[in-house]
Amino acid sequence: MNLKAFLNALTGKQESKDIAKERLRLVLVHDRATVSPEFLDKIKEEMIAVISKYLEIDENNTEVNMHKSDGTAVLEANLAVKAIRRNA
(Lines give C-alpha, C1' and ligand atoms only; values in the text may rest on other atoms or scores of the structure.)
Protein backbone atom coordinates (compact mmCIF):
# COMPACT_ATOMS: atom_id res chain seq x y z
CA MET A 1 0.00 0.00 0.00
CA ASN A 2 1.43 3.39 -0.93
CA LEU A 3 1.36 6.43 1.34
CA LYS A 4 -1.50 8.09 -0.52
CA ALA A 5 -3.70 4.99 -0.25
CA PHE A 6 -2.82 4.69 3.44
CA LEU A 7 -3.76 8.33 4.14
CA ASN A 8 -6.98 7.96 2.15
CA ALA A 9 -7.87 4.89 4.20
CA LEU A 10 -7.26 6.79 7.44
CA THR A 11 -9.31 9.83 6.39
CA GLY A 12 -12.05 7.85 4.67
CA LYS A 13 -11.40 9.69 1.40
CA GLN A 14 -11.96 7.68 -1.77
CA GLU A 15 -9.81 7.96 -4.87
CA SER A 16 -11.45 8.94 -8.17
CA LYS A 17 -10.93 5.48 -9.62
CA ASP A 18 -12.74 3.91 -6.66
CA ILE A 19 -15.64 6.34 -7.03
CA ALA A 20 -15.84 5.60 -10.77
CA LYS A 21 -15.73 1.86 -10.10
CA GLU A 22 -18.61 2.16 -7.63
CA ARG A 23 -20.66 4.24 -10.07
CA LEU A 24 -20.16 1.65 -12.80
CA ARG A 25 -21.15 -1.14 -10.40
CA LEU A 26 -24.35 0.74 -9.56
CA VAL A 27 -25.10 1.18 -13.25
CA LEU A 28 -24.77 -2.55 -13.83
CA VAL A 29 -27.04 -3.30 -10.89
CA HIS A 30 -29.59 -0.83 -12.26
CA ASP A 31 -32.77 -2.11 -13.81
CA ARG A 32 -31.99 -4.40 -16.72
CA ALA A 33 -34.59 -2.71 -18.88
CA THR A 34 -33.60 -0.03 -21.34
CA VAL A 35 -32.58 3.29 -19.84
CA SER A 36 -33.36 6.80 -20.98
CA PRO A 37 -30.97 8.79 -23.15
CA GLU A 38 -30.73 11.36 -20.34
CA PHE A 39 -29.50 8.64 -17.96
CA LEU A 40 -26.81 7.54 -20.42
CA ASP A 41 -25.78 11.16 -20.98
CA LYS A 42 -25.34 11.61 -17.22
CA ILE A 43 -23.22 8.44 -17.03
CA LYS A 44 -21.15 9.64 -19.99
CA GLU A 45 -20.54 13.06 -18.39
CA GLU A 46 -19.46 11.56 -15.06
CA MET A 47 -17.21 8.95 -16.67
CA ILE A 48 -15.50 11.60 -18.79
CA ALA A 49 -15.02 13.83 -15.73
CA VAL A 50 -13.27 11.06 -13.79
CA ILE A 51 -11.26 9.59 -16.66
CA SER A 52 -10.17 13.05 -17.83
CA LYS A 53 -8.07 13.35 -14.69
CA TYR A 54 -5.81 10.62 -16.10
CA LEU A 55 -6.36 10.73 -19.86
CA GLU A 56 -7.11 13.46 -22.39
CA ILE A 57 -10.42 12.36 -23.95
CA ASP A 58 -11.98 13.44 -27.27
CA GLU A 59 -15.52 13.99 -26.01
CA ASN A 60 -16.94 14.30 -29.54
CA ASN A 61 -15.85 10.75 -30.33
CA THR A 62 -17.05 9.19 -27.09
CA GLU A 63 -19.96 6.77 -27.07
CA VAL A 64 -21.75 5.10 -24.15
CA ASN A 65 -24.37 2.39 -24.68
CA MET A 66 -26.24 -0.06 -22.51
CA HIS A 67 -27.81 -3.30 -23.72
CA LYS A 68 -28.66 -6.79 -22.55
CA SER A 69 -26.45 -9.80 -23.15
CA ASP A 70 -27.32 -13.22 -21.74
CA GLY A 71 -29.75 -11.65 -19.28
CA THR A 72 -27.15 -9.21 -17.95
CA ALA A 73 -27.00 -5.46 -18.44
CA VAL A 74 -23.87 -4.46 -20.34
CA LEU A 75 -22.43 -0.96 -20.31
CA GLU A 76 -20.15 -0.21 -23.25
CA ALA A 77 -18.00 2.89 -23.32
CA ASN A 78 -15.85 3.74 -26.33
CA LEU A 79 -13.56 6.61 -25.42
CA ALA A 80 -11.21 8.25 -27.90
CA VAL A 81 -8.00 8.87 -25.96
CA LYS A 82 -5.87 11.74 -27.24
CA ALA A 83 -3.07 11.51 -24.66
CA ILE A 84 -2.13 10.18 -21.24
CA ARG A 85 -1.73 12.72 -18.46
CA ARG A 86 1.60 11.82 -16.89
CA ASN A 87 1.23 14.23 -13.96
CA ALA A 88 -2.04 12.81 -12.62
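The structure we're discussing is the one just above.
Now for a description of the structure that goes with this document. (Residues numbered from 1 in each chain as written. Predicted model: local features only at pLDDT ≥ 70, side-chain atom pairs only at ≥ 80, totals over all residues. Heavy atoms only, no water.)

**Comments concerning a negative patch on the surface**
(1) Moving on: Residues Glu38, Asp41, Glu45 and Glu59 make up a contiguous surface patch of negative charge.
(2) Moving on: For the negative patch, the element with the most residues is helix H3 (residues 37-51), which contributes three residues. (Patch = residues over 30% accessible without salt bridge, like charges linked within 9 Å, V, L, I, M, F, W, Y side chains within 5 Å. Areas by Shrake-Rupley, 256 points an atom, 1.4 Å probe, with all protein chains shown as cover. Salt bridge = Lys/Arg side-chain N within 4 Å of Asp/Glu carboxyl O. Lys, Arg positive; Asp, Glu negative; His and termini not counted. Charge placed at Lys NZ, Arg CZ, Asp CG, Glu CD. Helix = DSSP H or I, 4+ residues; strand = E, 2+ residues; numbered from the N terminus.)

**Structural notes on H3**
(1) Moving on: In a regular helix each residue adds 1.5 Å, so 15 residues correspond to 21 Å; H3 covers 21 Å between its end C-alpha atoms and thus fits that length.
(2) Moving on: For H3, every residue scored as buried is listed here: Leu40, Ile43, Met47, Ile48 and Val50. Considered in projection along H3, the buried side chains sweep an arc of 165° and stay on one side of the axis. Those residues of H3 that are exposed and aimed more than 90 degrees away from the buried face are Glu38 and Glu45. (Expected span 1.5 Å × (residues − 1). Buried < 20%, exposed > 50% of the residue type's maximum accessible area, 1.4 Å probe, protein only. Arc of directions from axis to C-beta.)

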